[in-house]
Amino acid sequence: MPRLLIGALLMGGVYLIWYAFSRFGLAAGAAVAVVPLALCMLWFSLRNPAVAMLGMFAVNYYIMVLTRYMHDKPFGVILDALLAFNLLLLLLQSMVGRVEWRRARTGLTLVSAIWLAYCCLELVNPESVSSAGWFMAVRSLAIYFFLTVVLTQITMARYKYLRYMLVLWSLLTLTAVAKALIQKYIGFNAAENYWLFVLGGKTTHIIRTGVRYFSFFSDAANFGASMGLSMVVFSISALYWRNPWMKFYFLLVAALACYGMLISGTRSALAVPFVGYAVFVMLSRNIRMIVAGCVVLVGAFVFLNFTTWGSGNAIVRRARSAFNTQDASFRVRLENQAKLRELMRDKPFGAGLGHGGGKAKTFAPDAPLSQIPTDSWYVMVWVETGVVGILLHIGILLYVLGWGAYQVVFRLRNVQLRGLTAALVCGISGIVVMAYGNEVLGQIPTGVILYMGMGFIFLAPRFDRELAQAAAAPLPDNRVLAARAAAASAFPDDISKTPQP
């Protein structure tokens, strides 16, 4: 009987899909065909919210693809919807079982809540002239940060989810590099050409030094930052992954990410590997590693800053210009910051969220601040939240990195976990420094990647205890394994408090 019922349901589903295609067209047929997949995903997400978080991580990576093809639509709300969906899943879980909300009772949650509260208070900033600007800016500046770190700590509190996230991230990185290679060796598609030659992208991406490739990211700076982050995280993770095939795979991903970073033409992206590897050298506590790392970093710096070797190559020439303090664009940025400094003297709490840089022209087109580009994440935060806000923001970032470094050096006992945590700390450190040169820290998809990485850093002590208990536990007999399997089927392992082997 169950087989007949399943067969009837399948036949009925196929008929509905066929009817929708034939009667209402391609869009309706595709929508009906996706329903079973959506229901399966909902079922798995209800049983294990970590699945929904990984799904959000993947979808977040491709949101900017939609904005390229339909540039006038607010596709950023997709991320809002995904975060709301994950939060709703937890609320539904709390109705039928116990959700360990206390997992998010960490210093990271506290500082993200403080930052969210400060940004909410900016709504009553007397310098602000539009609440619409506040609503647009507070999402990427504070809400995404708070919700992502809280949801990550509650739903992904098992070590295996850190490994799953890294593998998924590596696959996403490969697709980004593949798209950049298509742009370089085959060409841009119609939507990309429209963005370049109609919407004005060519002024910053087709320049005298060559083409800056951007893959499916919002721009080349965002792409270069993400590839630099992937390069650092996967190259360090490869050193600690036990499986030799995975070591090779992660090193390959890191090498391709490095190439993607270079063809993006984003000079400030070089700060990510330079800073990331420097931090790794300091965290390694290995004299040979420290000496070798210093030699490599100093050698790379000398090669790029004090020699002219390889300048015939466009990629090397562009990378070398990152160390040129006499560069015209660098001097313009300094001049703009000097102008902003004069305008910000009487604004200790800033001009209000959404009122800094180019986007301020939408809400305050005649304001002096809207005429000066910020060209930096920190300058943008300073203009919108004031000196009080920028000091608080930088303090939070330094707290997160300092706490992670302390765990890596002094607390974590498991070698592999220590290495993966160090990889995240080093990669985030590189982005934190690079953010001075570009507004990349909170952009899609880089922002969510960083925030989830911070969540995993603060979960590392929990993972360490989990791995220690697993190593100390005796091998269970078949009856115990069967009982644990039955318990796991009844209660998802990330929600239940059932001890794990």
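Everything numeric here is computed off the predicted structure, so don't read it as measured data.

### Remarks on the confidence of the model for the protein chain
Then, in step 1: Mean pLDDT over the protein chain stands at 81; residues scoring 70 or higher make up 77%.
Then, in step 2: Across residues 487–501 the pLDDT falls below 50, and counting only partners more than four positions away or on other chains, this stretch makes 30 contacts in the model.

### What to know about the side chain of His-393
Then, in step 1: Locating His-393 in the fold gives a position in helix H17 (residues 377–411).
Then, in step 2: Among all residues touching His-393, those that are not within four sequence positions of it are Trp-115, Trp-377, Tyr-378 and Val-381.

### Quick look at the pattern of salt bridges
Then, in step 1: Applying the stated criterion across every chain, the model contains 7 salt bridges.
Then, in step 2: With its nearest N and O atoms 3.3 Å apart, the salt bridge here joins Glu-466 to Arg-158. In this pair, Glu-466 is assigned in helix H19 (residues 446–472) and Arg-158 in the loop between helix H6 (131–155) and helix H7 (159–185), connecting sequence segments 308 residues apart. The residues Glu-466 and Arg-158 share a single accessibility class, namely buried.
Then, in step 3: We note a salt bridge from Arg-345 to Glu-342, for which the minimum N-O separation is 3.0 Å.

### A word on unusual backbone geometry
Then, in step 1: Residue Ile-444 is joined to Pro-445 through a cis peptide bond whose omega torsion reads 5°.
Then, in step 2: As for its position among the elements, Pro-445 is in the loop between helix H18 (415–434) and H19.
Then, in step 3: We note that Ser-215 has phi near 55°; this positive angle belongs to a residue other than glycine.
Then, in step 4: One can find Ser-215 in the loop between strand E2 (210–211) and helix H10 (220–240).

### Side note on the packing of H6 against H19
Then, in step 1: Packing of H6 against H19 leaves a shortest axis separation of 8 Å and a crossing angle of 40°. Comparing the axis directions of H6 and H19 gives the class oblique. Like other packed secondary-structure pairs, H6 and H19 cross with a definite hand, here right-handed. For the pair H6 and H19, the contacting residues are Ser-140, Tyr-144, Phe-145, Thr-148, Val-149, Thr-152 and Gln-153 in the first and Val-448, Tyr-451, Met-452, Met-454, Gly-455, Phe-456, Phe-458 and Leu-459 in the second.
Then, in step 2: Taken together, the residues that form the contact of H6 with H19 break down as 10 nonpolar, 5 polar and no charged.

### Overview of the nonpolar core
Then, in step 1: The biggest cluster of nonpolar side chains holds 121 residues, and the ones touching the most others in it are Leu-162, Leu-166, Trp-169, Leu-441 and Phe-456.
Then, in step 2: Per-element accounting of this core gives the leading share, 14 residues, to H17.
Then, in step 3: The residues contacting Leu-166, other than those within four sequence positions of it, are Val-233, Phe-234, Ser-237, Trp-241, Phe-250 and Leu-420.

### Examining H10
Then, in step 1: Helix length check: H10 (21 residues) gives 31 Å between terminal C-alpha atoms against 30 Å at 1.5 Å per residue, within 8%.
Then, in step 2: The element H10 is extensively covered by neighbouring structure, given that 19 of its 21 residues are classed as buried.
Then, in step 3: Between the side-chain oxygen at the start of H10 and the backbone nitrogen of Ala-221 there is a gap of 3.1 Å, and the oxygen is on Asp-219.

### Side note on the packing of aromatic side chains
Then, in step 1: For the structure on display, the rule yields 23 aromatic pairs.
Then, in step 2: With a centroid separation of 6.1 Å and an interplanar angle of 25°, the aromatic rings of Phe-188 and Tyr-213 are classed as stacked. Linking Phe-188 in the loop between H7 and helix H8 (190–197) with Tyr-213 in the loop between E2 and H10, this pair joins segments that are 25 residues apart in sequence.
Then, in step 3: Judged by relative accessible area, which is 10%, Tyr-213 ranks as buried.
Then, in step 4: Judged by centre distance (5.4 Å) and plane angle (45°), the ring pair of Tyr-406 and Phe-410 falls under tilted. Linking Tyr-406 with Phe-410, this pair stays in helix H17, spanning 4 residues, or about one helical turn.
Then, in step 5: With relative accessibility at 61%, the residue Phe-410 sits in the exposed group.
Then, in step 6: Among the aromatic residues, those joined into a cluster by ring pairs are Phe-57, Trp-169, Phe-234, Trp-241, Tyr-249 and Phe-250.
Then, in step 7: The ring of Trp-195 carries Arg-68 above its face, with NZ or CZ at 4.4 Å from the centroid.
Then, in step 8: If you follow Lys-184 out to its NZ or CZ, it ends over the ring of Tyr-185, 5.5 Å from the centre.

### Regarding the state of the cysteines
Then, in step 1: Tallied over the entire structure, the rule returns 0 disulfides.
Then, in step 2: Unpaired in terms of disulfides, Cys-119 finds its nearest cysteine sulfur in Cys-120, a separation of 7.2 Å.

### A closer look at a nonpolar patch on the surface
Then, in step 1: A cluster of nonpolar side chains, namely Leu-87, Leu-88, Leu-91, Leu-92, Met-95, Val-96 and Trp-101, defines an oily patch on the protein surface of about 680 Å² accessible area.
Then, in step 2: Relative to the helices and strands, Met-95 resides in helix H4 (residues 77–96).

### A look at the side chain of Ser-230
Then, in step 1: Within the secondary structure layout, Ser-230 lies in helix H10.
Then, in step 2: Since its relative accessible area comes to 0%, Ser-230 is described here as buried.
Then, in step 3: Aside from chain neighbours lying at most four places away, what touches Ser-230 is Trp-169, Thr-173, Ser-235 and Ala-257.

Calculation criteria
- Position labels on residues start from 1 in each chain and follow its written sequence.
- A pLDDT threshold of at least 70 governs which residues receive local features in this predicted model, and a stricter bar of 80 or more applies before side-chain atom pairs are shown or counted, although totals over entire chains, interfaces and linings include all residues.
- Processing note: side-chain calculations cover all non-hydrogen atoms of the structure and skip hydrogens and water entirely.
- The predictor attaches a confidence to each residue, and that confidence, scored 0 to 100, is pLDDT.
- We call two residues in contact whenever any of their non-hydrogen atoms come within 4.5 Å of each other.
- Note on conventions: DSSP H or I runs of at least 4 residues are helices, E runs of at least 2 residues are strands, and numbering of each starts at the N terminus.
- Should a side-chain nitrogen of Lys or Arg be within 4 Å of a carboxyl oxygen of Asp or Glu, the pair is scored as a salt bridge.
- Only protein chains enter the accessibility calculation, which uses a 1.4 Å probe. A residue is then buried if its area is under 20% of the maximum for its type, exposed if over 50%, and partly exposed in between.
- Lines are fitted to the C-alpha atoms to define the axes, a helix being fitted only along its stretch in contact, and any angle between axes, read from their N-to-C directions, falls within 0 to 180 degrees.
- Note that the term roughly parallel is reserved for angles under 35 degrees, roughly antiparallel for angles over 145, roughly perpendicular for angles of 65 to 115, and oblique for everything else.
- Here is the rule for handedness: rotate from the far helix to the near one, and if that takes an anticlockwise turn smaller than a right angle the crossing is left-handed, while a clockwise turn gives right-handed.
- Each residue is assigned to one of three groups, with Ala, Val, Leu, Ile, Met, Phe, Trp, Tyr, Cys and Pro labelled nonpolar, Asp, Glu, Lys and Arg labelled charged, and all others, Gly among them, labelled polar.
- Definition used in this section: a nonpolar core is a set of buried Ala, Val, Leu, Ile, Met, Phe, Trp, Tyr and Cys residues joined via side-chain atoms within 4.5 Å.
- Multiplying 1.5 Å by the helix residue count minus one yields the expected span of that helix.
- Polar contact criterion, stated in full: a pair of N or O atoms within 3.5 Å, where within protein one must be able to donate a hydrogen and the other to accept it, and residues adjacent in sequence count only if both atoms are side-chain atoms.
- Any two rings among Phe, Tyr and Trp, with Trp reduced to its six-membered ring, count as a pair given centres within 6.5 Å; such a pair is stacked if its planes are under 30 degrees apart, edge-to-face if over 60, and tilted if neither.
- Two limits define a charge over a ring: the Lys NZ or Arg CZ must be within 6 Å of the ring centre, and within 35 degrees of the ring normal.
- In this description, a disulfide is simply a cysteine sulfur pair whose atoms lie within 2.5 Å.
- Patch construction takes residues with relative accessible area above 30% that form no salt bridge. Like charges are linked within 9 Å, and nonpolar side chains (Val, Leu, Ile, Met, Phe, Trp, Tyr) are linked within 5 Å.
- The protein chains shown are the only cover counted for residues, whose accessible areas, like all others here, come from Shrake-Rupley with a 1.4 Å probe.

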